[in-house]
Amino acid sequence: MKPWSTRARGLSAGLFLPLLFAACGAPEPPVVPPVAPPEPPVTVPPPPAAKTVPGPSGVDVAALDRSVAPCDDFFTFACGGWVKTHPIPDEEASWMRSFSVMREENEKLLKEILEGYAAGKDKDDPYAKLLGDFYGSCMDEAAIEAAGTKPLEADLKLVEQARDVRSLSTVIGKLHKSGTTVFFDYGPEQDFKEASRVIFALHQAGLGMPEREYYLKTDAKAVELRAKYTKFVTNVFGLLGESQVKSKQSAADVLVVERALAEISFTKTDLREPKKNYHLVKRADLPAAAPNLGWDRYLTELGMEGTADFNVAQDTYFKGLSALLDGKKLPLPKVRAYLRFHVTRDALSRLPKRFVDEGFAWRQAISGAKNLPPRWKRCVRATDAALPEALGQPFVKRTLGAGGKEAVQKLILAIEGVMQGNLAGLAWMDEPTRKLAQAKLAKIANKIAYPDKFRSYEGLSADRASYNRSAKAAEAFEIQRQLRKVGKPVDRAEWQMSPPTINAYYDPLLNEMVFPAGILRPPFYSTTVAAPANFGGIGMVMGHELTHGFDDEGRQFDADGNMKSWWTPAVDAEFVKRASCVEKQFSEYTVLGDAHVDGKLTLGENLADLGGVKLALMALEREIGKDAKQSEGEFTPRQQFFLGFAQAWCGSYRDEAMRLLVATNPHSPPQLRVNGPLSNTAAFAEAFQCKEGQKMVRKERCEVW
């Protein structure tokens, strides 16, 4: 399924981007729901000091590694015991106490739901037949084996019609409409400068490896991975029936095309700069932006020939792509090899086991996972990706108790309340900027657990006899739903994650925070533990997402979601200075001895972690009092808070997955997400009596919010 919306473009900021491979290569898309109007933040008066904190602490003492001092390495102190006793399962690239374990529990529940639907149970549930038929078709490996490569035949024949520059644009349009991404991607997008409307966006895309540097770097690791990727591409052509000599030549052609695309692509850090990724172009001016792409024919194939406004997001990429597709720089035989490969690659999950195994061999090279996940997991993930709000309904019914939304809303309002007070007293912010910051905070919308009104799948059916037909039908349905948005007002009720998703996000164009039902469970949130654990878990998540509204990206958008400069120059300069401290701090970290964290790529997430910890602790202390005492256990409420935060990030990565994370992910590795912000936090040092000179106390402490 296509990764629609600004989240896929790198603007919206999620809490976590797991290394999760669904049905052998198909990326999971965002989702959709409506909500109540945003409520303004409230100011909560502090309770009397020295209050006793009732209930279990929520600290997992078995997870601790007491051989490590908390002031030397707090992550290992909080998590070392858990990491030692929870090795990474063979089918996983990483394993985390929160995300991985919660996902495992969620998927077992979803499996139970889907197997019931597939067997004809609970027929009166919304979309029971649709879900059961989709999941059942995915699980029918015998039918998939019998179909062989028939699912590819139509698109492979289409590729052969690309005989010149003119016909190539038609072929690209048809492939895009069928769900195969080649050369670039498209879709609806909020206008950065007029956030109330949806325009048509064009974005760089079409690489087979994770990002451009995998093609351009010359170190030994990069060369090794390119060799493994080349082998994967070669083997795919072999499975399509090409001879050994022919398949090697076809793979070489694919690498030539993809390297050429990599050379003109924006860097991953440039993709995080909103102003660099917004170039509004009128329909009449599209040919000037990329003359060789045949926009009339392309848009006609999508049924979008009447579209008026476009964001040619990475403008120089499209100029470069147009030059490459002049029929000479990239000869048509090489282009057709590239198209054949991507048609096959995008369909791997719907093909026989020999294709799935080849896809996994490549995933193994970049993630380190030893085994392919069992079929049922891949089919649960594929169903959730294709039919997110249909599957979300029975999930929510079974997991979120009455009053769940209201309890979480109170926590959010507490976090927003301390942000309101924090902004009011921020010494480096002047009054004009402060006033606009408060206005933005007051307009943030909060979406909790699940949509007030779920999306309709009326008119969509799945074919129990063919997984390919089921998947293609769902994809076509979603593509048309997305394309219908263009030219219309923005639907501010829409979500970008399904209810079972264990994640959260802030969207700057919508000025909203979203917390799906999937994350509103232990270890992030529980109604049975004392307040410090909940504030350290889900409270920190809320503070993290709230801070994204004012991070290096979010601050470029105003209260209504428009990209606009609303900071005075002096305040802007002070923010940049403070943020550069965080960028410098994380750029100095390395993993595996030689892999440097990219402080610029991870800046937004690191700022959000730093702000999230501060806001959540402030909100906790407003609720229980700064000097509150614990009613049980060995740790003070403040210590419980910091342990609750850290233990949500307990986990480990395989070396290959860690290198992939550092190379491509805007989030820092978990150990650094704990130690990095806490080493800047005076309250942490005070809670654990850390002294200057110890590793968890930085000489140059960074503070933004």
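Residue numbering note: each chain is counted from 1, following its sequence as written. In view of the model being predicted, local features appear only for residues whose pLDDT reaches at least 70, and side-chain atom pairs are presented and counted only at 80 or more, with totals across whole chains, interfaces and linings using the full set of residues. Derived side-chain values reflect all non-hydrogen atoms in the structure, with water molecules and hydrogen atoms excluded from consideration.

Draft legend 1. Looking closely at the confidence of the model for the chain. For the chain, per-residue confidence averages 92 on the pLDDT scale, and 92% of positions sit at 70 or higher. A residue's pLDDT is the predictor's confidence in that residue, given on a scale from 0 to 100. We call two residues in contact whenever any of their non-hydrogen atoms come within 4.5 Å of each other. For residues 20-50, every residue scores under 50 in pLDDT, and the model assigns this stretch 101 contacts once sequence neighbours within four places are set aside.

Draft legend 2. The arrangement of the side chain of D384 in detail. By the element assignment, D384 lies in helix 16 (residues 375-386). Relative accessibility under 20% of the residue-type maximum defines a buried residue, over 50% an exposed one, and the middle range a partly exposed one, all with a 1.4 Å probe and only protein chains included. Under the counting rule used here, the positive set is Lys and Arg, the negative set is Asp and Glu, and His together with the chain ends is not counted. Any carboxyl oxygen of Asp or Glu that lies within 4 Å of a side-chain nitrogen of Lys or Arg is treated as forming a salt bridge with it. Lacking a salt bridge, the buried D384 has R381 as its closest oppositely charged neighbour, with an N-O distance of 8.6 Å. Distance and chemistry together define a polar contact, namely a pair of N or O atoms within 3.5 Å, with one atom able to donate a hydrogen and the other to accept it when in protein, and with adjacent residues in sequence counting only for side-chain atoms on both sides. A distance of 3.2 Å separates a polar atom in the side chain of D384 from a polar atom in the side chain of S498. Numbered from the N terminus, helices here are DSSP runs of H or I no shorter than four residues, and strands are runs of E no shorter than two.

Draft legend 3. Inspection of the packing of aromatic side chains at higher detail. Paired rings are identified among Phe, Tyr and Trp, the last through its six-membered ring, by centres lying within 6.5 Å, and are further divided according to the angle between planes into stacked (under 30 degrees), edge-to-face (over 60) and tilted (the rest). Within this structure, the stated rule accounts for 39 aromatic pairs. Both rings, one in F232 and one in W362, keep their centres 6.4 Å apart while their planes meet at 5 degrees; by these two values the pair is stacked. Of this pair, F232 sits in helix 9 (residues 220-239) while W362 is found in helix 15 (residues 353-367), placing the two residues 130 residues apart along the sequence. According to the relative accessible area criterion, F232 is buried, its value standing at 3%. Exposure remark for W362: the relative accessible area of 3% places this residue in the buried category.

Draft legend 4. Highlighting unusual backbone geometry. Cis geometry is adopted by the peptide bond preceding P523, which originates at P522 and carries an omega value of 5 degrees. One non-glycine residue with positive phi stands out, namely L592, at about 55 degrees. Tracing the sequence through the fold places L592 in the loop between strand 11 (590-591) and strand 12 (595-596). With a phi angle near 55 degrees, Q689 is a residue other than glycine that sits in the positive phi range. Mapped onto the fold, Q689 is located in the segment after helix 27 (682-687).

Draft legend 5. Inspection of the pairing of strand 7 (residues 309-312) at higher detail. Side chains D309 and N311 of strand 7 all project onto a buried face; the interleaved residues F310 and V312 project onto the opposite face, where all are buried too. Examined bridge by bridge, strand 5 (residues 194-204) and strand 7 share three bridges and lie parallel to one another. Paired with L202 across the bridge in strand 7 is V312. Pairing between two strands requires that DSSP report at least two bridges joining them. Taken together, the three bridges between strand 6 (residues 280-282) and strand 7 define a ladder with antiparallel strand orientation. Paired with V281 across the two strands is F310, which belongs to strand 7.

Draft legend 6. Representation of the packing of helix 10 (residues 244-264) against helix 13 (residues 315-324) within the structure. At a closest axis distance of 9 Å, the pairing of helix 10 and helix 13 adopts a crossing angle of 150 degrees. Crossing handedness for the pair helix 10 and helix 13: right-handed. Together, A260, L261 and I264 of helix 10 and Y317, G320, L321 and L324 of helix 13 make up the contact between the two elements. Under the grouping applied here, Gly and all other residues not named as nonpolar or charged are polar, the nonpolar ones being Ala, Val, Leu, Ile, Met, Phe, Trp, Tyr, Cys and Pro and the charged ones Asp, Glu, Lys and Arg. Looking at side-chain class alone, the contact of helix 10 with helix 13 contains six nonpolar, one polar and no charged residues. Angles shown run from 0 to 180 degrees and are taken between the N-to-C directions of axes, each axis being a line fitted to C-alpha atoms and, for helices, limited to the stretch in contact. Crossings are classed by handedness, with left-handed meaning an anticlockwise turn of the near helix from the far one by less than a right angle and right-handed meaning a clockwise turn.

Draft legend 7. Local environment of the sheet that holds strand 6. Across the sheet, four strands lie side by side as 4-5-7-6; this open sheet has mixed pairing. Edge positions in the sheet fall to strand 4 (184-191) and strand 6, since each has one partner strand and no second. Averaged over all pairs of adjacent strands, the angle between strand axes in this sheet comes to 35 degrees, irrespective of strand direction. Sheet strands touched by helix 12 (residues 295-302): strand 4, strand 5 and strand 7. Its angle to strand 4, the strand with the most contacts, is close to 75 degrees.

Draft legend 8. Spotlight on helix 25 (residues 655-664). Buried residues of helix 25: A657, M658, L660, L661 and V662, and no others. The inward-facing, buried residues of helix 25 contact helix 8 (213-216), helix 15, strand 11, strand 12, strand 14 (651-653) and helix 26 (670-678).

Draft legend 9. A look at the side chain of Q190. By the secondary structure assignment, Q190 is in strand 4. Residue classification places Q190 among the buried residues on the basis of a relative accessible area of 9%. A polar atom in the side chain of Q190 sits 2.8 Å from the backbone oxygen of A195. In this structure the side chain of Q190 is engaged in a polar contact, spanning 3.1 Å, whose partner is the backbone oxygen of L509. If sequence neighbours within four positions are ignored, Q190 has contacts with A195, R197, V198, V490, R492, L509 and L510.

Draft legend 10. Seen up close, the nonpolar core. Joining through side-chain atoms within 4.5 Å is the link that ties buried Ala, Val, Leu, Ile, Met, Phe, Trp, Tyr and Cys residues into a set, and such a set is a nonpolar core. F74, L387, F642, F688 and W705 are the most contacted members of the largest nonpolar core, which totals 131 residues. Once residues lying within four places of it in the same chain are set aside, the contact partners of L387 are L130, L131, F134, Y457, L460 and A474. Counting 65 residues, the second largest nonpolar core, distinct from the first, contains L158, A290, V312 and L483.

Draft legend 11. Broad picture of the environment of R283. In this fold, R283 is placed in the loop between strand 6 and helix 11 (286-289). Look at R283 and you get buried, because its relative accessible area is 18%. Linking R283 and T307, residues 24 residues apart in sequence, is a C-alpha distance of 6.9 Å. Not counting chain neighbours up to four residues away, the residues in contact with R283 comprise W295, D296, L299, E305, T307, A308 and F310.

Draft legend 12. Structural detail: the pattern of salt bridges. Summed over all chains, the structure comprises 52 salt bridges. Salt-bridge contacts for E92 lead to R381; the nearest nitrogen and oxygen are separated by 4.0 Å. Here the residue E92 occupies a position in the loop between helix 2 (74-85) and strand 3 (94-96), and R381 occupies one in helix 16, the gap between them amounting to 289 residues. Of the two residues, E92 and R381, neither departs from the other in class, the shared state being buried. With a closest N to O distance of 3.2 Å, R481 and E494 form a salt bridge. One end of the pair, R481, is in helix 20 (residues 467-483); the other, E494, is in the loop between helix 20 and strand 9 (505-507), and 13 residues separate them in sequence. With respect to class, R481 is no different from E494; both count as buried. Overlapping salt bridges bring together E389, R455, E478, R481, K485 and E494 as one network.

Draft legend 13. Spatial organisation of the pairing of strand 4. Taking burial as the measure, the eight residues of strand 4 include eight buried ones, the bulk of the element. The pairing of strand 4 with strand 5 spans eight bridges and is antiparallel. When the sheet's bridge partners are listed, F184 is paired in strand 5 with Q204.

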